[in-house]
Each structure stands twice: as structure tokens, then as C-alpha cells.
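Commentary on secondary and tertiary structure
Letter by letter, the chains look like this.
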Amino acid sequence: MSHSSSEPSTRNEHLAQWVKEMAALCKPDNVVWLDGSEEERKRLTEQAVAEGILLELDQKKLPGCYYHRSNANDVARVEHLTFICTPTKDEAGPTNNWMDPKEAYQKLGGMFDGAMKGRTMYVVPYMMGPSGSAMTKVGIELTDSIYVALNMRIMTRMGQAALDMLGTTNDFNRGLHSTLDVNPDRRFICHFPQDNTIWSIGSGYGGNVLLGKKCLALRIGSYLGRQEGWLAEHMLILGVESPEGEMTYVAAAFPSACGKTNFAMMIPPKRFAGWKIWTVGDDIAWMRVGADGRLWAINPENGYFGVAPGTSMKSNPNAMQTILKDTIFTNTALTADKGDVWWEGKDGPVPAELIDWKGQPWTSKSTEKAAHPNSRFTAPARNNPALSRYVDDPNGVPISAIIFGGRRATTVPLVLQSFNWGHGIYMGATLGSETTAAATGKVGVVRRDPMAMLPFCGYNMGDYFQHWLRMQHKLELPPKIFMVNWFRQDEAGKFVWPGFGENMRVLKWIVDRARGRTGALESVVGWVPRSGDLDLSGLDISTEQVEKATGVDYRQWKTELESQKEFFAQFGERLPKSLNLWRELLLARLNGLGL
Ligand code: GTP
Ligand code: SPV
Ligand code: MN
């Protein structure tokens, strides 16, 4: 094995030893340690362009922007190929795929053996979290994908700073990734929580391979969070600033492709002149109890891996601004001149001709989508005009409200506040949402997705609920908990609520409720805005439509509560008793109405 000129600026024996072992297994032609420098970005980008992995877009229009197409069989997370490898199956729980760790190491080890022959192994040191934060974790990803290396550079704080933070300790996540031959039959995403290790093989896409994101920050993170007494959540974090300069921080969990990036970057409508939304994070929150008894959150990431389709100047101007430079686009469509990207829902007229996400010619008469529904942009957080000035604060921001939301055509109203912390956790635990293109499989079927963490919880979900409930013990000032639904539909299947920037109207009510300065109406299933509480001025929407968006239909709720029974049952003794008692209590109260 010939080592490249690149040598690590670390004297960490644990790291050196592990890299040596993994290189001996994967047998790359050379090993390149990345330092995160600008020179390195240029060099890797040029190489990726030369190899056809990246296509250079029009550099005048989109400086620093590149385009990538993944293998057509590899366009989303693969939940059926994602495993939690704990010593016992019970530890992984009924909602995770489980593999015995010994078996997993053996099986994947066989595939990794020689997987990098003829390739380069990149050593990618990275931090999840701001440097200097007690919450920050160090990971090292070994990958044979230059695309992954360049994406990690955007998504994390990558390079020498991570090695400096690690020092000589053994406290780092060991991530090993090879695209191998991108064959779904040889594709596995395995997590070894006890070893702080992730092995990913056979994919080159998104959450399967950018190991800091879903694998470390959520699956391993949630496991560490339970051990260490904090929460790793699939949540955006935003700050709401009032015209008077009052700042309120909110964290919100919506399942994949259900609106986190959009909500985190929202621009309030005209009616809310003087209000401002600041983005702290758009996908992941790590939260701990501060010395003041409040819940404090950091965003462990440093960039956005956002859904492209539907992103426009109308829906998300801040995202459009963010992706004007230094962005990698994956599986969008390409304009005919190959200088720009396009997707369904982008501004302007639909181009007559495009090159679709598979590289095939496309015309506006085509019935196929030009961009893959899960096509994405990878963009640096620093590009975001609404970036919070606290993103690098080692303490994070104090959270006043937690929101759970799903994609529901019926039942769940625009907004609902829980009666208390326990009821709020019950709300989160029973969160339902229609599946999206962010994971392979059928789209549009309602499934329970507790706290939007179903695909991301690294241990038994029953224990995870218990962990959430226990947090109350340490929280002197717990955030208020809410549930929202931007996706309710009318009989014709049209969304009844305009969403996007108009969600500010709901957020304002949430902030006022969290600060205890507005009333609410008690429904059987939670607090809702009284008529007139939601500020709807300047919104062109009929009273009937508002009623459709906000109404609580007790008959639908009865069906909802009944349908939760089976979901809870699978956790057996591991389900905290109070959660099912909430379900039964609410159901009994509904039945008591004599409907
Ligand atoms: P992940 O990155 O997969 O975790 O997704 P996300 O939760 O960040 O979702 P994102 O903000 O990217 O939105 C996904 C899709 O939902 C996009 O196509 C949006 O256009 C659409 N969407 C977002 N917010 C709203 C809304 O308020 N109303 C409606 N109708 N659609 C929305
Ligand atoms: C999600 O699916 O929730 C994402 C995209 O944020 S991925 O990084 O692929 O997980
Ligand atoms: Mn996500």
C-alpha cells in the first residue's frame, strides 16, 4: 500500500491504529487525510470534475456550485437496510432492524475486504457541534467517495479543528464507508452503539453515507444522549424575534420531507412586519438541561442537506439565497445548457427542455418528473441570510417551545397545545405522518413516527419514551409542547392551509402561549386557539377554510386514538405506562361525549 504525501497532523495513537486497521481491511491504493483547507477543497473538486463525479455549473451565475447524479438505484435512505447492532435484539427494540454485532462485523467485514482496491481512502475528521462546546462530538469518517468527502466538508465542521479537539483521546466515532459497487444487494448501514462505530456500505447517497448526520447525530447520538442525560432529536431550531427585539427559541420535529428546512428559514408575511425568524438548525437538535433549569439546544451540523423540489422564491427565499454559491446539487434536473439546475416547483416557467435526474433528455410534455422528488442541495449554513448569530455559541439557545408535526390529510388540526409535559410526550410518541420520498418505499401511507425519530432512534423506542419523560425531572422550566399540521386537505385533495411564510401566524400563537400571554380553548384532545386568537389579517382565506384547517373532529380523533393501540402494544413492558393511560383517558373522555 502506497501512502500519499498527506499525513495526519495528529499524534493520536488510537486514531492512527484504527485507520491502519481499516486500510489493511479495505486495501485502498492510498490514504489521504483531509485538513479542511480551501486548497484541499479546490483540489478535490477539480479531481471530482475530472472524474465526472461532479459537473461544474455556470460559475458566473452559481459560483462554487456543482451538480451530481447518484446511481438511479440509490436515491434515498434505505430503512430496510439500516441496522442497530446491539448485543441483544431487545435493546434495539421492535421499531429497528437488528443484527448481532459479531455477525454484522463479519458480514460487512467480508464486503469491506479489498473494497477500496484501486481507490483512495479519505480520512475525514469532523466535529458535530461548535468548537469549544461541551456537547460537541468528534467523528472520523473513512470513505472512498470524494463526493462524500466534499459533502461532509459542507455539512460538518471538518478538518484539522476536529483533530485538535480530539487531541490524544480515544473518544471519537469510528465511521467506515465504501460505495463498493452501489448494489442494493450489498447495501447495509450498520450502527454499533456500544462501540461508537458506524459501518456503511453499498450506497453513495445522503443519510446513508454522510455519517455525521443521521447515523452519528441521531442514531448513535440518541444512544449516547440516554446514557449521558440529554436528547438527540430530528428537530429544527429557530429563533423568533419580535419587533421589540424579544427572542424566543423553538425546536420542531417533523418527519423527513415534512417542512423543517422551510419552517427554519421562514420569512414572515407582510402583516408581521418587524418580526424576524433566525435559523439555528434545519434538521437536528442536541438538547440538554442548563444550569438555569431550561432546555438548551445546539445544532450539531454546519450546512443544509435540503429537499430541492418545491423550493422557490415564493416558498423559501432564504433557501434560494443560500444555494446561490458553494452548493452541491444532487439528482435535480439540469438545464439544457448544463449551466444551471431545475426542479419541480422552482420559480419561472417550466423549461421546454431539460436533462432529467437520470441524465436523459426531458421535455415539458414528459409525464416523468425532471428532478427526483428526493433531490437535494448541500449548502453551507453561513450562506443563509437568516442565520442566527448563536449557531457557534457553545451553550446553544434556550428552548421555550417544542413542536411535533406530521403530514396528515385529516384529523390533526393546524395547531394543538398539550395539557402538560406528559401529554406533550404522548403527542410526540403518537405522531403520525404520511411517508415521503426521503426514504425508499411506498409514499403517502400514514405511519406512526414518534417524535419524527422512527428511522433514527438508536435503541429501544420504549426506553426512548421513558428517557423523554424522565427529562422533566431535571427541567425546572420545561418548554411547552405543541402539535401542528400544515398538510390538512379538503375533499378535492387540496391543502387547506397556505403554509410556508403563513405558518408565522401559528408560530406567533405558539410563542404567546409559551410565554403565557394568550388564552386558548380547551378541547378534549388539547388546547386550541379561540376564534380570533390566530392573527389572520391580510390572509386571503375564507372562514370556512380556516375552520377546515383548525377544526377538531372528535369522530376522527376517536379513530386516531383507537389506531394508536396497536402501535403502543408492540413495546410491551417497555412502554411507559403513562403513555397508554393518556390514550385511554382521552378515548374515555371522547366516548363520554356520547358521539
Ligand atoms: P428532511 O430534510 O427530509 O428532514 O425534510 P424537511 O423536514 O426539512 O422538509 P422540507 O422543509 O425540505 O420540506 C419538504 C417538502 O414539504 C417540500 O417539498 C416543501 O415544499 C413542502 N412543505 C414545506 N413546508 C410546507 C408547508 O407549510 N405547506 C405545504 N403544503 N408544504 C410544505
Ligand atoms: C431525512 O431524510 O430526514 C434527511 C435527508 O434529512 S437524509 O440526510 O438523507 O437523511
Ligand atoms: Mn431530516
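Attention in this report is confined to the structure presented alongside it. Note that the structure is a prediction, hence the values are computed from the model and not measured. (Residues numbered from 1 in each chain as written. Chains lettered and ligands numbered in written order. Predicted model: local features only at pLDDT ≥ 70, side-chain atom pairs only at ≥ 80, totals over all residues. Heavy atoms only, no water.)

1. Let's talk about the nonpolar core
Burial of nonpolar side chains together is a common tendency in soluble globular proteins. Counting residues in hydrophobic clusters, the biggest one holds 95 residues, and the most contacted among them are M287 and W468. Element by element, the count of residues in this core is highest for helix α5 (residues 146-155), at 8 residues. Leave out the neighbours within four places in its chain, and W468 touches L231, E233, M235, M287, I402, F404, W421, I425 and M451. Within the second largest apolar cluster, 36 residues are counted, among which are L236, F272, I403 and V511. (Core = buried A, V, L, I, M, F, W, Y, C linked by side-chain atoms within 4.5 Å. Buried < 20%, exposed > 50% of the residue type's maximum accessible area, 1.4 Å probe, protein only. Helix = DSSP H or I, 4+ residues; strand = E, 2+ residues; numbered from the N terminus. Contact = heavy atoms within 4.5 Å.)

2. Digging into helix α13 (residues 504-514)
Most of α13 is tucked away: 10 of the 11 residues are buried. For α13, the full list of buried residues reads M504, R505, V506, L507, W509, I510, V511, D512, R513 and A514. In the segment just after α13, G516 is the residue with positive phi, at about 65°.

3. Looking at the site of ligand 2
Taken together, R77, G206, G207, K213, K214, H234, S256, D283, F305, R376, A438 and F456 make up the full set of residues adjacent to ligand 2. In this structure, an oxygen atom belonging to ligand 2 sits 2.8 Å away from a main-chain N or O atom of G207. For ligand 2, whose accessible area on its own is 280 Å², the fraction buried by protein is 99%. Counting only elements with at least two residues in the shell around ligand 2, the list comes to α7 (206-209) and α8 (212-228). A class-by-class count of the residues in the shell around ligand 2 yields 3 nonpolar, 4 polar and 5 charged. (Near = heavy atom within 4 Å. Polar contact = N/O pair within 3.5 Å; in protein donor to acceptor, adjacent residues only side chain to side chain. Areas by Shrake-Rupley, 256 points an atom, 1.4 Å probe, with all protein chains shown as cover. Nonpolar A, V, L, I, M, F, W, Y, C, P; charged D, E, K, R; others polar.)

4. Notes on the packing of aromatic side chains
Considering all chains together, one arrives at 25 aromatic pairs under this definition. Consider the rings of F192 and W199, whose centres lie 6.2 Å apart with planes at 75°: the pair is edge-to-face. Across the pair, exposure class does not vary: F192 and W199 are buried alike. Here the aromatic cluster, defined as three or more aromatic residues joined through ring pairs, consists of Y426, Y459, Y464, F465, F567, F568 and F571. Note that R271 overlies the ring of F272, its terminal NZ or CZ placed 5.8 Å from the centroid. (Phe/Tyr/Trp six-rings, centres within 6.5 Å; stacked < 30°, edge-to-face > 60°. Lys NZ or Arg CZ within 6 Å of the ring centre and 35° of its normal.)

5. Section: the site of ligand 1
The environment of ligand 1 is formed by 22 residues, the closest being A257, K260, T261, N262 and R376. Contacts to ligand 1 include N262, whose side-chain N or O atom sits 2.8 Å from an oxygen atom. The separation between an oxygen atom of ligand 1 and a polar side-chain atom of N503 is 3.0 Å. In isolation ligand 1 has 660 Å² of accessible area, and contact with the protein removes 91% of it. Mapped by element, the contributors of at least two residues to the shell around ligand 1 are α9 (260-264) and β18 (303-307). The biggest single contributor to the shell around ligand 1 is α9, with 3 residues.

6. Observations concerning the coordination of the manganese ion (ligand 3)
Binding of the manganese ion (ligand 3) to the protein goes through K214 (NZ), H234 (NE2) and D283 (OD), at separations of 2.2 to 2.5 Å. Taken together, the 6 donor atoms surrounding the manganese ion (ligand 3) define angles of 65 to 176° at the centre, an arrangement classified as irregular. Here the donor residues of the manganese ion (ligand 3) are spaced in sequence according to K-x19-H-x48-D. Here K214 is found in helix α8, whereas its partner D283 is found in the loop between β15 (276-281) and β16 (285-289), with 69 residues between them in sequence. Looking at K214, the relative accessible area reads 6%, which means it is buried. Among the residues examined, D283 registers a relative accessible area of 8% and is labelled buried. (Donors = N, O, S within 2.8 Å, 3.2 Å for Na, K, Ca; no water. Tetrahedral: all angles 85-135°; square planar, octahedral: opposite > 155°, others 65-115°.)

Bear in mind that shape data such as this cannot, by itself, settle questions of function.
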